[in-house]
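This is what each chain is made of:
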Amino acid sequence: MSFDVKHLSMRCIKCGSRYSFDPFLYSCPKCGNLLDIEGYDNPDIFRKENSRLPGIWKYHEALPTTAEKPWISLDEGGTPLVKIPGANAWIKFEGSNPTGSFKDRGMAVAINIAKYSGAKIVIAASTGNTASSMAAYASRARLKSLVVVPRRRIAAGKLFQSILHGSFVVEVDDGFDKALRIVQRLLAKWKGVIYSANSLNPVRLEGQKTIAYEIYERLEQAPDYVFVPVGNAGNISAIWKGFKELKEWGYIDKLPVMVGVQAEGSAPLYKTWSAGSMRLIPEEDPETVASAIRIGRPVNWLKALLALRESNGFMLTVSDEEIIEAVVEIARIVGLGVEPSSATSYAAWKKLLQSGSITEKDTVVLIATGHALKDPGFLNYLESRTVSISEFSELDAFIQKLV
Ligand code: F0G
């Protein structure tokens with residue numbers, strides 16, 4: 001094994017126990033809770049010499065990286081920050097990553113560690129995007145990959161990508177939560193052979209925290225609010241960690257308020273946060289049009305709760321109708337195509353503007369997590385805009401109506 005991570009340690013988020021970096025350690029051996037990676041020594045991540053490195057690798061001193069170079073990369077990160085017309089708000093368009101979602105940031109880092117850990121297979125339970133991303137990066141790294149997904153309940157584009165890039169696909173009858181339980185059993189049994197590409201692996205979240213670094217680089221400050229769609233609750237935790245590091249390393253004084261957004265029918269973290277509970281209140285039968293975040297037992301729930309608490313943040317829910325409306329509005333007013341889960345952040349922001357809880361003056365970044373092309377089934381929610389003609393005159397008449 002050859003790691004450039006000897007200076008890093010893993011710390012339990014609950015009992016605080018510390019361990020040296022181990023690619024196969026995903027939870028605290030003492031209390032079973034999740035781990036965070038720490039020990040970066042005030043890295044100078046925005047220095048000029050790094051600016052020519054691709055995407056997330058500009059910040060490699062703040063990532064767990066292998067000593068072997070070149071790193072396995074598909075040029076992930078460096079995504080657009082698109083201003084919403086007439087508002088002090090931006091959409092961070094993660095759909096422009098190589099496989100079309102934010103997962104590529106964390107997957108790139110995880111696959112490099114997987115490769116040099118000596119693992120033979122990488123595995124992930126997924127609602128689709130992790131699967132697509134893992135399939136592509138694993139193939140690039142010449143590792144076998146296995147995705148475990150809910151049968152017939154992931155968007156067509158994501159299943160297509162997983163197979164296209166060469167993953168083996170295991171379908172389970174139940175939802176994501178059961179898929180993840182199966183994966184966890186396999187990981188325990190095949191330690192050292194199978195590597196986890198799920199966000200319970202803190203290495204994944206290290207890659208995803210670069211979203212915060214990029215927002216800071218563009219805005220030269222932290223925004224007042226960051227809205228994040230929440231499923232397994234990894235990304236909101238990762239982005240918060242990124243901002244906290246920026247403060248610790250002296251780049252920013254003020255931290256953003258983190259706002260987590262779930263769909264009404266799939267809102268375990270919203271329920272837990274609303275009840276002020278420090279125990280997860282699961283959603284037994286999650287249901288929403290936003291299939292990527294149809295998750296009843298988010299594995300990173302405690303990390304996310306801590307992020308909400310530390311940032312004075314809060315959770316919100318949006319209805320399926322609001323999500324559908326938001327997808328269309330983002331497509332037709334902003335010009336970006338996002339999948340339903342990604343539109344929850346925009347839908348929640350609009351709700352808060354309407355209720356007056358936040359104003360047009362507040363600086364807001366909405367994380368749009370995945371590309372519209374992932375989910376062509378969304379066409380069913382759109383009214384037809386197709387005009388069939390057999391004669392030129394019919395088209396001419398149609399144009400007459402438009403002008
Ligand atoms: N948005 C999209 C498009 C996603 O695919 C996911 C998660 C999320 C938001 C939520 O992020 O889990 O970090 O809270 N998708 C996972 C998957 C679960 O398997 O692709 P999270």
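The coordinates are above.
Bear in mind the structure is a predicted one, so any value in this text is a computation, not a measurement. Sequence order as written defines residue numbering, which begins from 1 separately in each chain. Per-residue local features of the predicted model are confined to residues with pLDDT of at least 70, and side-chain atom pairs are confined, for both listing and counting, to 80 or more; whole-chain, interface and lining totals are unaffected and use all residues.

Description of the overall build of the protein
Right, so step 1: When helices and strands are tallied, the protein shows twelve helices and 13 strands.
Right, so step 2: A radius of gyration in this sense is built from C-alpha atoms; the matching globule rule multiplies 2.2 Å by the number of residues raised to 0.38. For the protein, whose C-alpha radius of gyration is 21 Å, the value lies close to the compact-globule estimate of 22 Å for 403 residues.
Right, so step 3: Dimensions of the protein, computed from the C-alpha atoms along their principal axes, are close to 70 × 45 × 45 Å.
Right, so step 4: Expressed as a percentage of its 403 residues, the buried residues of the protein come to 50%.
Right, so step 5: Taking the intrachain contacts of the protein between residues at least 6 apart in sequence as the baseline, contacts between residues at least 24 apart amount to 70%. Secondary structure elements are taken from DSSP: a helix is a run of H or I of four residues or more, a strand is a run of E of two residues or more, and numbering for both begins at the N terminus. Residue burial is a threshold on neighbouring C-beta atoms within 10 Å of the residue's own C-beta, all placed from the backbone, with 20 or more meaning buried, 12 or fewer meaning exposed, and counts in between meaning partly exposed. Two residues form a contact once the distance between their C-beta atoms, set from the backbone, is within 7 Å.

Side note on the packing of helix H1 (residues 103-117) against helix H2 (residues 129-140)
Right, so step 1: Axes here refer to lines fitted to C-alpha atoms; in helices the fit is confined to the stretch in contact. Angles between the N-to-C directions go from 0 to 180 degrees. Remark: H1 packs on H2, axes separated minimally by 9 Å, with the N-to-C direction vectors making an angle of 40°. One finds that H1 runs oblique with respect to H2. In terms of crossing hand, the pair formed by H1 and H2 is right-handed. Contacts between H1 and H2 involve Lys103, Asp104, Met107, Ala108 and Ile111 from the first element and Asn129, Thr130, Ser133, Met134, Tyr137 and Ala138 from the second. Roughly parallel here means an angle under 35 degrees, roughly antiparallel means over 145, roughly perpendicular means 65 to 115, and every remaining angle is called oblique. Handedness of a helix crossing follows the sense of rotation of the near helix relative to the far helix, less than a right angle counterclockwise being left-handed and clockwise being right-handed.

A look at the site of the ligand
Right, so step 1: What makes a residue near a molecule or strand is its C-beta atom, placed from the backbone, lying within 6 Å of it. Residues in contact with the ligand amount to 22 residues; listed here are only the nearest, Ser126, Gly231, Asn232, Thr369 and Gly370.
Right, so step 2: Of all the elements in the fold, those that place two or more residues in the shell around the ligand are H2 and helix H7 (234-248).
Right, so step 3: For the shell around the ligand, the class distribution of residues is five nonpolar, 15 polar and two charged. Think of it as three bins: nonpolar holds Ala, Val, Leu, Ile, Met, Phe, Trp, Tyr, Cys and Pro, charged holds Asp, Glu, Lys and Arg, and polar takes everything else, Gly as well.

Here's the deal with helix H9 (residues 301-310)
Right, so step 1: Where H9 is concerned, the buried positions are Trp301, Lys303, Ala304, Leu305, Ala307 and Leu308.
Right, so step 2: Buried positions along H9 lie against H7, strand S11 (257-263), helix H8 (268-274) and strand S12 (314-318).
Right, so step 3: Directly after H9, the chain includes asparagine 312, whose backbone phi takes a positive value near 55°.

As for the sheet that holds strand S1 (residues 9-12)
Right, so step 1: Paired strands are those between which DSSP finds at least two bridges. The antiparallel open sheet is built from three strands, whose spatial order is S2-S1-S3. Single-partner strands in this sheet number two, and they are strand S2 (18-20) and strand S3 (35-38). Strand-to-strand, the axes of this sheet are offset by a mean angle of 30°, without reference to chain direction.
Right, so step 2: Bridging between S1 and S3 involves four bridges; their strand directions are antiparallel. Within the sheet, the bridge partner assigned to cysteine 12 lies in S3 and is leucine 35.

Looking at the sheet that holds strand S7 (residues 144-150)
Right, so step 1: Judged by pairing direction, the sheet is parallel, and its four strands sit side by side in the order S8-S7-S6-S9 without closing on themselves. At either end of the open sheet lies a strand with only one pairing partner, and these are strand S8 (168-172) and strand S9 (194-196). The mean inter-strand angle of the sheet, taken between neighbouring strand axes irrespective of direction, is 25°.
Right, so step 2: With five bridges connecting them, strand S6 (residues 121-125) and S7 associate as parallel partners. Its bridge partner being in S7, alanine 124 is matched across the sheet by valine 147.

Description of the packing of helix H6 (residues 210-219) against H7
Right, so step 1: Where H6 contacts H7, the axes come no closer than 7 Å and their chain directions differ by 55°. Comparing their axes, H7 and H6 come out oblique. For the element pair H6 and H7, the recorded crossing hand is right-handed. Between H6, through Thr210, Ile211, Ala212, Tyr213 and Tyr216, and H7, the contact on the second element is made entirely by Ile239, Gly242, Phe243 and Leu246.
Right, so step 2: A breakdown of the residues in the contact of H6 with H7 according to their chemical character gives seven nonpolar, two polar and no charged.

Brief notes about the pairing of S12
Right, so step 1: The buried fraction of S12 is high, at four of five residues.
Right, so step 2: Sheet analysis places S11 next to S12, joined by five bridges and oriented parallel. Across the sheet, valine 259 pairs through a bridge with phenylalanine 314, a residue of S12.

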